[in-house]
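Chain by chain, the residues:
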Amino acid sequence: MEKRLKVFVYNEGDPPIFHFGPCKQTYAIEGYFIQAIEISHFRTNDPSKAHLFFLPISITMLTKVVYVPNSHQWTQMKNTASDYINVISHKYPYWNQTLGADHFMLACHDWGPEISFSVPYLYQNSIRALCNANTSEKFNPSKDVSIPEIHLPWGTTDGLLGGPSPSKRPVLVFYAGGIHGPIRPILLKYWENKDEDVQIYKYLPKGISYYGMMRKSKYCICPSGFEVASPRMVEALYVGCVPVLIKDGYVMPFSDVLDWKTFSVIIPVKDIPNLKKILMGISQRKYIKMQRRGRQVRRHFEVNSPPKPFDVFHMILHSIWLRRLNFRSGIQYSKDGDSTDSGYDVSSASDNDNGDNDEEDDISTSLNPLFSIIDDLIESETIRLLDWNDAMTDLQLGMKFIDKNPSN
């Protein structure tokens, strides 16, 4: 991927809705990615050499510039997205050649999925890189990409990275946040002001630091709000707090290659009353291993300017690239958006990893062979002959290459 992937970014559209986006606060990943891809070595100005085509629209800016506050009218926003597709599909042949299957959009705003529905082929065929990766809202893990929501108060990660060792974290578990959606009220009902070990707040008391509390805590709760995405997950990884995910229908970012069960705790909503029991039941040895693995995978969620190998920019591109290969390896899209099954499995290989081999603790080692094999496959033109189920499983276990002879 690093050597061969080329992305064509359509020049059409003017800022601030196109080729621009927020680089601070909750939806910063939109502006960061648009800025990074437009100046990266992955970009090509020759569309005939492109493997992927990027639609440089910022859904966040669309909501700020086009949407009339409190109007509850989405028509203008949807028309803007639809008009853009009409422009590029009439000016260039590339959208029509695949009905958008080698095109991708990226949106962190909660309204991204809904606005994509305004263009049937965009929703049905294109790769949608979304923070709001909710399967109950038509997120398709075999085609779409889950990206992390990253809160950057100042536009960088300065002051957000790092935290004390496990022995210097006296608080068992921490959460503070507003009451949004169906899960958080349940959490506060059972645990607000109920237990000294379980520090659950609707609003933090005056003088207490949010990031300071995260750095004091072994576990940090990351519940869904109105939508499944939340920056708390990445905030926890940044400061060395093991994330506790309480979400329904959420597809975790980069779960093609990262086994979330090795560095986070996943709790069903129905088990919220047993929160303390579940966390206390995790041995100190297992907690230390999860915390260490969280520190190791942190770099895959870090924002760098310019981007660095294996950081969040490269991870997003890698996830999109995998879906592009999925298309290359046999998915055929109809005008109704139906597709055939290529056999590609996006599930993790967690059941095959017992976590006892410290040499495999650095989860990022599984990404090196994955990037390498993609380059080899592109060069040899054997993508269609690869068994992706076997490939993904073996690569996640840390194997360096799969010896498959396409002529056999």
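The rules behind the values
Residues numbered from 1 in each chain as written. Predicted model: local features only at pLDDT ≥ 70, side-chain atom pairs only at ≥ 80, totals over all residues. Heavy atoms only, no water. pLDDT = per-residue confidence, 0-100. Contact = heavy atoms within 4.5 Å. Pairing = 2+ DSSP bridges. Helix = DSSP H or I, 4+ residues; strand = E, 2+ residues; numbered from the N terminus. Buried < 20%, exposed > 50% of the residue type's maximum accessible area, 1.4 Å probe, protein only. Arc of directions from axis to C-beta. Expected span 1.5 Å × (residues − 1). Right-handed = clockwise from strand over helix to strand, strands pointing away. Salt bridge = Lys/Arg side-chain N within 4 Å of Asp/Glu carboxyl O. Lys, Arg positive; Asp, Glu negative; His and termini not counted. Axes fitted to C-alpha atoms, helices over the stretch in contact; angles between N-to-C directions. Disulfide = S-S within 2.5 Å.

S.K.: Would you mind going over the confidence of the model for the protein chain in detail, with residue names and values included?
M.R.: Across the protein chain, the average pLDDT comes to 84, with 80% of residues at or above 70. When the criterion is pLDDT under 50, residues 329–366 qualifies, and its contacts beyond four places in sequence or with other chains add up to 86 contacts. In this model, residues 373–408 is a region of pLDDT below 50 whose contacts with residues beyond four sequence positions or in other chains number 67 contacts.

S.K.: Can you break down the sheet that holds strand 8 (residues 217–223) residue by residue, with the values?
M.R.: Read across the sheet, five strands follow the order 7-6-8-9-10 without closing on themselves; strand pairing throughout is parallel. Because the sheet does not close on itself, it has two edges, and the strands there are strand 7 (198–201) and strand 10 (265–266). Pairing of strand 8 with strand 9 (residues 242–246), which is carried by five bridges, proceeds in the parallel orientation. The partner of Cys 220 across the bridge, within strand 9, is Pro 243.

S.K.: Please give an account of helix 7 (residues 183–191) that cites residues and values.
M.R.: Turning to helix 7, its buried residues are Ile 183, Arg 184, Leu 187, Leu 188 and Trp 191. Viewed end-on, helix 7 has its buried residues packed into an arc of 130°, placing them on one side of the element. Contacts from the buried residues of helix 7 go to strand 6 (171–176), strand 7, strand 8, helix 9 (232–239), strand 9 and helix 10 (275–280). Asn 193, located one to two residues past helix 7, shows a positive phi value of around 60°.

S.K.: Which residues make up helix 3 (residues 75–91), and what are the values?
M.R.: Every α-helix carries 3.6 residues per turn, so stepping three or four residues along brings you back to the same face. Taking 1.5 Å of rise per residue, 17 residues should cover 24 Å, and helix 3 covers 24 Å from first to last C-alpha, within 8% of that figure. Among the residues of helix 3, Met 77, Thr 80, Ala 81, Tyr 84, Ile 85, Ile 88 and Ser 89 are the ones counted as buried. Looking down the long axis of helix 3, one finds its buried residues gathered within 160° of arc, a one-sided arrangement. Exposed residues on helix 3 whose side chains face more than 90 degrees from its buried face are His 90 and Lys 91. Contacts from the buried residues of helix 3 go to helix 2 (59–65), helix 4 (94–98), strand 3 (103–107) and helix 5 (112–116).

S.K.: Describe unusual backbone geometry, with residues and values.
M.R.: Note the cis peptide between Pro 15 and Pro 16, where omega equals 5°. With an omega of 0°, the peptide bond between Ser 305 and Pro 306 qualifies as cis. Summarising the element assignment, Pro 306 is placed in the loop between helix 11 (284–297) and helix 12 (312–328). We note that Lys 138 has phi near 70°; this positive angle belongs to a residue other than glycine. If you trace the backbone, Lys 138 turns up in the loop between strand 4 (127–130) and strand 5 (145–146). Among the residues examined, Lys 138 registers a relative accessible area of 48% and is labelled partly exposed. The residue Phe 254 is not glycine, and still its phi comes out positive at about 60°.

S.K.: Outline the pairing of strand 6, listing residues and values.
M.R.: The element strand 6 is largely enclosed, with a buried count of six among its six residues. Pairing geometry for strand 6 and strand 8, over three bridges, is parallel. Looking at the pairing, Val 171 lines up with Ser 217 of strand 8. Of the pairings in the sheet, the one linking strand 6 to strand 7 comprises four bridges and is parallel in character. By the bridge assignment for strand 7, Val 173 is matched with Val 198. A crossover links strand 6 with its parallel partner strand 7, the connecting element being helix 7, and its sense is right-handed.

S.K.: Any details on the pattern of salt bridges? Residues and values, ideally.
M.R.: Enumeration according to the criterion identifies nine salt bridges in this entry. Glu 114 is the salt-bridge partner of Lys 78, the closest N and O atoms lying 2.9 Å from each other. Taken together, the residues span a long stretch of sequence, with Lys 78 in helix 3 and Glu 114 in helix 5 at a distance of 36 residues. We classify Lys 78 as partly exposed; its relative accessible area is 22%. The partly exposed category is assigned to Glu 114, whose relative accessible area is 32%. Residue Arg 128 pairs with Asp 144 through a salt bridge whose shortest N-O separation is 2.8 Å. Of this pair, Arg 128 sits in strand 4 while Asp 144 is found in the loop between strand 4 and strand 5, placing the two residues 16 residues apart along the sequence. As far as burial versus exposure is concerned, Arg 128 and Asp 144 are alike and both buried. One continuous salt-bridge network, built from bridges that share partners, spans Arg 128, Lys 143 and Asp 144.

S.K.: So what about the side chain of Lys 218? Which residues, and what values?
M.R.: The topology assignment puts Lys 218 in strand 8. Put simply, Lys 218 is tucked away with no salt bridge, and the nearest opposite charge, on Asp 197, sits 8.2 Å away.

S.K.: Describe the sheet that holds strand 4, listing the residues and the values that go with them.
M.R.: If you trace the five strands from one edge of the open sheet to the other, you get 1-2-3-4-5, paired in parallel fashion. Here the strands that pair on one side only, and so sit at the sheet edges, are strand 1 (7–9) and strand 5. Here strand 3 runs beside strand 4; their pairing, made up of four bridges, is parallel. When the sheet's bridge partners are listed, Phe 104 is paired in strand 4 with Ile 127. Along the sheet face, helix 1 (residues 28–39) touches strand 1, strand 2 (52–54) and strand 3 and points at about 140° away from the line of strand 3.

S.K.: I'd like to hear about the state of the cysteines, residue by residue, with values.
M.R.: A complete count under the given rule lists two disulfides for this structure. One disulfide in the model links Cys 108 with Cys 131; its S-S distance is 2.1 Å. Across the disulfide from Cys 108 to Cys 131, rotation about the S-S bond amounts to roughly -95°, and the bridge is consequently left-handed. Taken together, the positions of Cys 108 in the loop between strand 3 and helix 5 and Cys 131 in the loop between strand 4 and strand 5 put the pair 23 residues apart, joining distant regions of the chain. Just as Cys 108 is buried, Cys 131 falls in that class too. Of note for the protein chain: the bonded cysteines, numbered N- to C-terminal, pair according to 1-2, 3-4.

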